[in-house]
Amino acid sequence: METEKVRDPVCGMLVDPEQLVVTFEGMRFAFCSEQCREHFLANPHLYIGKPGEPAPKQSGQLVLKRRRLHLDKPLTSAQAEEVADELRAMMGVTSIDISGNEISITYDLLQSTAGQIEGRLQQAGERLGQGWSVRLQRAFIHFLEESEVASREVRPDPHGHSGHRHS
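Rules behind the numbers
Residues numbered from 1 in each chain as written. Predicted model: local features only at pLDDT ≥ 70, side-chain atom pairs only at ≥ 80, totals over all residues. Heavy atoms only, no water. Helix = DSSP H or I, 4+ residues; strand = E, 2+ residues; numbered from the N terminus. Buried < 20%, exposed > 50% of the residue type's maximum accessible area, 1.4 Å probe, protein only. Polar contact = N/O pair within 3.5 Å; in protein donor to acceptor, adjacent residues only side chain to side chain. Contact = heavy atoms within 4.5 Å. 1 Å grid on protein atoms, 1.4 Å probe; cavity = no way out; pocket = protein on both sides within 12 Å on 5 of 7 lines; lining within 4 Å. Points joined across faces, edges and corners; volume = space filled by probe spheres on them. Nonpolar A, V, L, I, M, F, W, Y, C, P; charged D, E, K, R; others polar. Pairing = 2+ DSSP bridges.

Asker: Could you give me a rundown of the side chain of Arg 67, with the residues and numbers involved?
Answerer: By the element assignment, Arg 67 lies in strand β5 (residues 64–70). The exposure class assigned to Arg 67 is buried, which follows from its relative accessible area of 18%. There is a polar contact of 3.2 Å between the side chain of Arg 67 and the side chain of Tyr 107. Among all residues touching Arg 67, those that are not within four sequence positions of it are Ile 103, Ser 104, Ile 105, Tyr 107, Ile 141 and Glu 145.

Encoded structure:
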């Protein structure tokens, strides 16, 4: 007898109800991947709403971002194809263009972040540019993304006001 599948709240994929389980506010959630699980744990109210107010993901929102990442050295065409395949495997990535040491990538912020993309590049053995201005720019992008994600969360308010957090 096959177990009934449940929806991953981040990507919407049907998964086994015992896969990568998280209990949040008394509810159980299962995830297709560690990436989806981490995204949910960082900002659960992006994916679960409250009565009368669906979360951004539940209402079908996309938050597309396009970023340029600079590697410390240009990639050969074979390396570029491997890196592109690695990035395409991530949830939410919609386009990738690699030219020399520059990667232009478009992704849905509700499914992937610049930090996760950078982590995947490092797992693939690629090093991002290390100059102080490049590192500062990446840190600023991470901050902006964290702020944007937090501002989109639907939060239950014990005082009965609107559930959106406003910064």
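Asker: Tell me about empty space enclosed by the protein, and name the residues and values.
Answerer: The probe, sized like a water molecule, is rolled over the atoms to show the empty space still left. Scanning the model with the defined rule gives one cavity of 30 Å³ or more in all. Here the largest cavity is characterised by a volume of approximately 60 Å³. Along the walls of the largest cavity sit Arg 68, Leu 69, His 70, Leu 128, Val 134, Gln 137, Arg 138 and Ile 141, which together make up its complete lining. For the lining of the largest cavity, the elements supplying multiple residues, two or more each, are β5 and α4 (132–152). The leading source of residues in the lining of the largest cavity is α4, at four residues. The residue makeup of the lining of the largest cavity, split by class, is four nonpolar, two polar and two charged.

Asker: Tell me about the pairing of β5, residues and numbers included.
Answerer: Because side chains alternate across β5, one face comprises the buried residues Lys 65, Arg 67 and Leu 69, and the other comprises Leu 64, Arg 66, Arg 68 and His 70, none of which is buried. By the bridge criterion, seven bridges tie β5 to strand β7 (residues 102–108) in an arrangement that is antiparallel. Within β7, the position partnered with Leu 64 by the bridge is Asp 108.

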